[in-house]
Amino acid sequence: MALRRRSEIIARSKAFVAEGIASLTAFCDAHADKFDFFPPGAGPVAFLAIRGDGLTAADAQAYSERLVEQTGVMVVAGAMFEAEGPFLRLGFAKANFADHLAAWADTFEIVRLPGH
């Protein structure tokens, strides 16, 4: 059944990716003081580096753990994917991704980003 509807499925997936990257770009522009944004060359995953002097992968890991424990919002530390440095990994090909980003932004005063 899926193969018969592959064009629709592919179009829907591409729309999620396009909306997601647009939302993530706007989010990163609005929070440029907090993150350096590394848009992907391809695919629906991007890395954000937490801005701040001397931050490490361990800082990003500790932040992601505190964030989910205290707020239920989950972002994944880049260290989980062997990225060195204070990176967070976000998959953005999701329905309503802008709402997820807004929920995360609402936590910035509750769980401070390292260096902020």
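A quick note: this is a predicted structure, and the numbers were derived from the prediction, not measured. (Residues numbered from 1 in each chain as written. Predicted model: local features only at pLDDT ≥ 70, side-chain atom pairs only at ≥ 80, totals over all residues. Heavy atoms only, no water.)

A. Structural context of the packing of helix α1 (residues 6-30) against helix α3 (residues 97-105). Where α1 meets α3, the closest approach of the two axes is 9 Å, and the angle between their N-to-C directions is 25°. Between α1 and α3, the crossing angle belongs to the class labelled roughly parallel. Seen from above, α1 lies across α3 with right-handed handedness. Note on element contacts: α3 touches α1 through Phe97, Ala98, Leu101, Trp104 and Ala105, opposite Gly20, Ser23, Leu24 and Phe27. Looking at the contact of α1 with α3 residue by residue, the classes come out as 7 nonpolar, 2 polar and no charged. (Axes fitted to C-alpha atoms, helices over the stretch in contact; angles between N-to-C directions. Helix = DSSP H or I, 4+ residues; strand = E, 2+ residues; numbered from the N terminus. Parallel < 35°, antiparallel > 145°, perpendicular 65-115°, else oblique. Left-handed = near helix turned anticlockwise from the far one by under 90°. Contact = heavy atoms within 4.5 Å. Nonpolar A, V, L, I, M, F, W, Y, C, P; charged D, E, K, R; others polar.)

B. Quick peek at the sheet that holds strand β3 (residues 76-77). Pairing in this open sheet of 4 strands is antiparallel, and the strands run β1-β2-β4-β3 from one edge to the other. Each edge of the open sheet is held by one strand with a lone partner, namely β1 (35-38) and β3. Relative to strand β4 (residues 87-91), strand β2 (residues 45-50) runs antiparallel, the two sharing 5 bridges. The residue bridging Ala46 from the neighbouring strand is Leu90, located in β4. Against the sheet, α1 touches β1, β2 and β4, its axis set at about 150° to β1. (Pairing = 2+ DSSP bridges.)

C. Broad picture of the environment of Pro40. Residue position: Pro40 is located in the loop between β1 and β2. On the accessibility criterion, Pro40 (25% relative accessible area) is partly exposed. Those residues in contact with Pro40, other than ones at most four positions away along the chain, are Ile21, Val45, Ala46 and Phe92. (Buried < 20%, exposed > 50% of the residue type's maximum accessible area, 1.4 Å probe, protein only.)

D. Broad picture of the environment of Pro44. Positionally, Pro44 belongs in the loop between β1 and β2. The exposure class of Pro44 is partly exposed, given its relative accessible area of 35%. Residues Pro44 and Phe16, 28 residues apart in the sequence, show an inter-C-alpha distance of 8.9 Å. Every residue in contact with Pro44, bar those within four places of it in the chain, is listed here: Val17, Leu90, Gly91, Phe92 and Ala93.

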